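What the coordinates show
As a plain string of letters, each chain reads:
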Amino acid sequence: MMAEYVQRQEVIQDVPREINFSLAEEIFRETGNPVLSCFQCRKCTNGCPLTFAMDYYPDQIIRLIILGQEEEALRSRTIWVCSSCETCTTRCPNGIDIAGVMDYLKQKAHKQAVVSHKDNWSYAFHRVFFENMLKNGRVHEPKILADYLLRSGAWKQKLESGSLWRDVKLGLFLLRNRRMRLFPSRVNINGHTVGTEAH
Amino acid sequence: MVDVTLYPGCSLEGTAQDYRDSLEIACSRLGVNLIELENWICCGATAAHSLDEFLALEFPARNLVLAEKRGLDVVVPCALCFNRLKTTEKHLLKNTHPELTKKYPFKGTIKIHDLLAYLTTPDMLKGISSLVKKPLEGLKLVSYYGCMVNRPPRITDAQNHENPTQMDRLVETLGATAIDWPFKTDCCGASHVVARPDLVFVLVKKLYDRAIAQEANGIVVSCQMCHANLDMYQDQISEYFGERYHIPVFYFTELINLAFGDERQIGWLSRHVVDPLPTLRECGLI
């Protein structure tokens, strides 16, 4: 426990100590999310089911934001480990949408390209899902899985561990049981430009 | 018959086709005429709200406007689609993004229901009770509601988000035993199963262990992501932890069909990875 604490201190000491109070204000301005109301009760962290895989606990992410440690928050594992189960958001006594803060940071990390497909497979999955959706209107599961494996490079590890075969077998099972369509369904969007205008 | 608009969502055209088949039968027996929303598009799911705030609202907004033109309430079987549609509904009605509201003038004249809530109103339960032909005696089930139809309640309008009971009441109405347990709304990890199965396995193992400790012989769900994580990966989770789990996972609509004595449903259950038929045989239900 003590060793972990010392390690965390070192991580924080590695980053430049330039304080940027404007991040919390920026989040409030952009999303109405009152991050500065946090009084560190840690209710968010206590209810979070995924703390075991996080480098910063949810309350620590909020603290980093208040301290203006943007780099540290954007590069944290935590924001990509969050499953958006909304337990923290539901229970926060100060009305902070903590899961929404995680979204804000993920969106910013994506815009600023501080995450990559190869290093962050969760990000790789979101990207292929998002692109498939923008292109076809609806998501075609086999296509996004194949794209994900290729883009992230996860296929290599899966080939080595043998779990790629397992996935193929599962795919065949689903196909046999009418739970997979080989071709995506078509959507007539009536010349509507969803997705293409904003990008 | 009551006409409603069905917004199925992408996975009900794929891995959750079994859910789709079962809910169509259940609804038709209960006098609910499902009319699929024409040209619906993806709700954006986790990917959109993780990458682009505006598009995460724009995709559901388009569906809401299409549905409002149709003029019927929308029923949503997928928990995440439901959550995204409700989130967008609130944003549009509060006009949080004027450019979005301008492009998608949603007035809020229709309601968005999650399928479970829609089929478990007191009136519906009465109807269900009168149609039960084969009570599901012997099935001892924990109800697993998942996250997205409950949280956050200011979005979902859930009445009892920490301890929902509608699925438990349904289970009892169908003649099975509902086991109260503490993990009703705990997270299964959802789409993490693709990129971070290690996380999902830990979360789901906790659910199995508790269900088994409370002597459940099945888990009932109302969300296809919960179903995928609990059913499709059960053998992998067993292997990962050196356990031998065998606990069937039912959609609540499948249980309705079984209790109504629908023969087709029995055959369709073998489309799950964990075959529920041995458990049903043990209970003398087939």
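Quick caveat: nothing in here was measured; it's all calculated off a predicted structure.

1. A short note on the packing of aromatic side chains
For the structure on display, the rule yields 10 aromatic pairs over all chains. Arranged with centres 5.4 Å apart and planes meeting at 70 degrees, the rings of B:Tyr7 and B:Trp40 form a pair that is edge-to-face. Separated by 33 residues along the polypeptide, B:Tyr7 in the loop between strand 1 (2–6) and helix 1 (17–29) and B:Trp40 in the loop between strand 2 (32–36) and helix 2 (45–51) bring together distant segments of the chain. Look at B:Tyr7 and you get buried, because its relative accessible area is 1%. B:Trp40 sits in the buried class, given a relative accessible area of 0%. Each ring, one from B:Trp181 and one from B:Phe183, has its centre 5.9 Å from the other, and the planes form 65 degrees; the classification is edge-to-face. With relative accessibility at 5%, the residue B:Trp181 sits in the buried group. Look at B:Phe183 and you get buried, because its relative accessible area is 17%. Each member of the aromatic cluster is reached from another via a ring pair, and the members are A:Phe125, A:Phe129 and A:Tyr148.

2. Observations concerning the domain arrangement of chain B
All names here are of chain B. The domain boundaries assigned to chain B delineate domain 1 (2–115) and domain 2 (135–282). Taking only C-alpha atoms into account, the centre of domain 1 sits 23 Å from that of domain 2. Listed per partner, the contact involves 26 residues of domain 1 and 28 residues of domain 2. Here domain 1 meets domain 2 over a buried area of about 2,200 Å², counting both sides, of which 63% is carbon and sulfur. Counting the surface domain 1 buries against domain 2, the share from its top three residues, Asp18, Tyr19 and Ile25, is 25%.

3. Some remarks on the environment of B:Ile25
Looking at where B:Ile25 falls in the secondary structure, it is placed in helix 1. Classification of B:Ile25 by relative accessible area gives buried; the value is 9%.

4. So, the layout of surface pockets
There is about 700 Å³ of room inside the second largest pocket. As for the second largest pocket, its lining consists of 29 residues, and the residues nearest its centre are A:Thr31, A:Asp97, B:Glu53, B:His91 and B:Arg154. Within the residue set of the lining of the second largest pocket, elements represented by two or more residues are helix 2 (22–31) and helix 8 (98–111) of chain A together with helix 3 (53–70), helix 4 (79–94) and helix 8 (153–156) of chain B. Among the elements that take part in the lining of the second largest pocket, helix 4 of chain B stands out by supplying 6 residues, more than any other. Classifying every residue of the lining of the second largest pocket gives 6 nonpolar, 13 polar and 10 charged.

5. With respect to the sheet that holds strand 3 (residues 74–76) of chain B
Residues and elements named next belong to chain B. Ordered by their spatial adjacency, 4 strands build an open sheet running 2-1-3-4, and the pairing between neighbours is parallel. Each end of this open sheet is capped by a strand with a single partner; those strands are strand 2 and strand 4 (112–114). Across the sheet, the mean angle separating the axes of adjacent strands is 40 degrees when strand polarity is ignored. In this sheet, strand 4 lies alongside strand 3 in parallel orientation, the contact comprising 3 bridges. Residue pairing in the sheet places Val75 in a bridge with His113 of strand 4. Against the sheet, helix 1 makes contact with strand 1 and strand 2, and its axis sits at roughly 135 degrees relative to strand 2, the strand it touches most.

Reading guide: rules and limits
Residues numbered from 1 in each chain as written. Chains lettered and ligands numbered in written order. Predicted model: local features only at pLDDT ≥ 70, side-chain atom pairs only at ≥ 80, totals over all residues. Heavy atoms only, no water. Phe/Tyr/Trp six-rings, centres within 6.5 Å; stacked < 30°, edge-to-face > 60°. Helix = DSSP H or I, 4+ residues; strand = E, 2+ residues; numbered from the N terminus. Buried < 20%, exposed > 50% of the residue type's maximum accessible area, 1.4 Å probe, protein only. Domains from an automatic or database assignment. Contact = heavy atoms within 4.5 Å. Buried area = accessible area lost by both parts, 1.4 Å probe. 1 Å grid on protein atoms, 1.4 Å probe; cavity = no way out; pocket = protein on both sides within 12 Å on 5 of 7 lines; lining within 4 Å. Points joined across faces, edges and corners; volume = space filled by probe spheres on them. Nonpolar A, V, L, I, M, F, W, Y, C, P; charged D, E, K, R; others polar. Pairing = 2+ DSSP bridges. Axes fitted to C-alpha atoms, helices over the stretch in contact; angles between N-to-C directions.

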